[in-house]
Amino acid sequence: MRAFVLSGGGNLGPLQVGALRALLERDIRPQMLVGCSAGALNAAFLAREPTLEQVEHLADMWRQVTRQDVYPNGRLSVLWRFLSGQDSLYDNRRFYAFLQRIGVSPAWTFGQIRGARLYVTATNLRTGQLHVFGDDPNDRVLDALMASTALTPLHPPWMVNGERYIDGGTVTPLPLRVALERGVREIYSLHIVSAREEEAGLVRGVVGLLRRSVATMLRLQAQHDLLLTEERQGKVRLHPIRLSTPNPPKATDFSGEEEMFALGYQQAVAYLEQRAASSTVPGRGGSAWWRRLAEAVGISRRGEMSPRERQVAGQEALPPC
């Protein structure tokens with residue numbers, strides 16, 4: 001069984017749309033889709049029907065979404081919510097309405113999906129454990145998407161069956177473990193990262209330090225899932241496709257999707273061409289497999305930084321929304 005695993009990435013989600021087009025054009029189709037946060041949105045749309053036509057519908061979704069759908073109102077409203085002790089800086093009711101407007105019905109369940117098996121990750125706020133929506137066919141897709149995109153403190157936790165859930169990326173931004181635990185033999189991971197070369201050196205300021213701390217935490221969490229995959233080398237074939245943009249927009253900016261569609265497409269095509277070329281070179285075995293795996297998150301086998309890893313040290317995983 002082949003799975004596509006889609007990481008979080010906030011408003012850089014269009015990168016995955018371009019990459020999905022590149023894969024489907026080459027008749028690389030999933031039997032399973034696993035998504036976290038923004039990747040969950042992309043996975044849910046494609047799971048309906050893993051076709052190029054559905055990718056275009058997904059692209060239309062990203063063309064429609066606006067800042068007001070995700071981060072409504074202005075600074076005064078944010079300040080009021082903070083001072084009045086609300087659970088988040090932004091209300092999520094408009095996003096809930098947006099998802100219904102683009103066709104995600106509150107009655108739609110995972111059991112009704114026929115195109116590919118779908119799993120969406122979230123974090124149980126009470127236990128701190130990863131929760132996988134989709135194991136129960138009666139789980140509602142709309143609830144799963146609201147839970148998986150509830151990035152605190154920006155968005156409030158989402159209540160499902162008496163439990164509160166937040167963004168699944170707080171446990172792992174690249175939930176490879178979900179696919180592994182369900183017996184897949186081949187994984188294409190679409191991992192969105194952000195290149196910030198100016199942060200490769202000494203970081204100063206509260207915002208910079210906080211961003212670097214979060215990036216380090218997310219990178220280590222992704223490393224854990226990648227190491228789980230390495231342990232199953234020979235049983236599971238991983239294709240780590242890293243997606244990024246050299247000039248990422250502000251988190252609240254949902255413009256520029258056409259450029260990201262094209263960039264994600266180009267990066268996926270480049271990976272596939274490089275993979276095809278390397279497969280014809282004698283002697284490319286497990287060590288090369290690990291190097292490709294390590295480059296996906298910038299790690300080495302012993303957790304040390306190689307020269308190549310130091311070069312990309314400024315590449316950080318985005319907040320998982």
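All values reported here derive from a predicted model rather than from experimental measurement.

### Thoughts on the confidence of the model for the protein chain
Of the residues in the protein chain, 74% have a pLDDT of 70 or more, and the chain-wide mean is 82. Taken as a whole, residues 296–321 scores under 50 in pLDDT and shows 72 contacts with residues more than four places along the chain or in a different chain.

### Section: the environment of Val-120
Take Val-120: it is sitting in strand E3 (residues 117–124). Here the alpha-carbon distance between Val-120 and Ala-147, two residues 27 residues apart in the chain, equals 9.1 Å. For Val-120, the contacting residues outside a window of four places in its chain are Gly-35, Ala-40, Phe-110, His-131, Val-132, Phe-133, Ala-144, Leu-145 and Ser-148.

### Description of the packing of helix H2 (residues 38–48) against helix H7 (residues 141–148)
Running from N to C, H2 and H7 point in directions that differ by 160 degrees, and their axes come no closer than 8 Å. In this view, H2 runs roughly antiparallel relative to H7, as classed from their interaxial angle. In terms of crossing hand, the pair formed by H2 and H7 is left-handed. Side by side, H2 and H7 meet where Ala-40, Leu-41 and Ala-44 of the first sit next to Val-141, Leu-145 and Ser-148 of the second. Partitioning the contact of H2 with H7 into residue classes produces 5 nonpolar, 1 polar and no charged.

### Some remarks on empty space enclosed by the protein
Under the criterion given, the structure shown has 2 cavities of 30 Å³ or more. The residue makeup of the lining of the second largest cavity, split by class, is 3 nonpolar, 2 polar and 2 charged.

### Some details on H7
Of all 8 residues in H7, 8 are buried; the element is thus mostly enclosed. Every buried residue of H7 is accounted for by Val-141, Leu-142, Asp-143, Ala-144, Leu-145, Met-146, Ala-147 and Ser-148.

### Digging into the packing of aromatic side chains
Enumeration over the complete set of coordinates arrives at 6 aromatic pairs. For the pair Tyr-71 and Tyr-90, a centre-to-centre distance of 5.1 Å together with 70 degrees between the ring planes defines the contact as edge-to-face. With a gap of 19 residues between them, Tyr-71 in the loop between helix H4 (67–70) and helix H5 (75–83) and Tyr-90 in the loop between H5 and helix H6 (93–101) connect regions that are remote in the sequence. Note on accessibility: Tyr-71 and Tyr-90 belong to one class, buried.

Rules of the game
Residues numbered from 1 in each chain as written. Predicted model: local features only at pLDDT ≥ 70, side-chain atom pairs only at ≥ 80, totals over all residues. Heavy atoms only, no water. pLDDT = per-residue confidence, 0-100. Contact = heavy atoms within 4.5 Å. Helix = DSSP H or I, 4+ residues; strand = E, 2+ residues; numbered from the N terminus. Axes fitted to C-alpha atoms, helices over the stretch in contact; angles between N-to-C directions. Parallel < 35°, antiparallel > 145°, perpendicular 65-115°, else oblique. Left-handed = near helix turned anticlockwise from the far one by under 90°. Nonpolar A, V, L, I, M, F, W, Y, C, P; charged D, E, K, R; others polar. 1 Å grid on protein atoms, 1.4 Å probe; cavity = no way out; pocket = protein on both sides within 12 Å on 5 of 7 lines; lining within 4 Å. Points joined across faces, edges and corners; volume = space filled by probe spheres on them. Buried < 20%, exposed > 50% of the residue type's maximum accessible area, 1.4 Å probe, protein only. Phe/Tyr/Trp six-rings, centres within 6.5 Å; stacked < 30°, edge-to-face > 60°.

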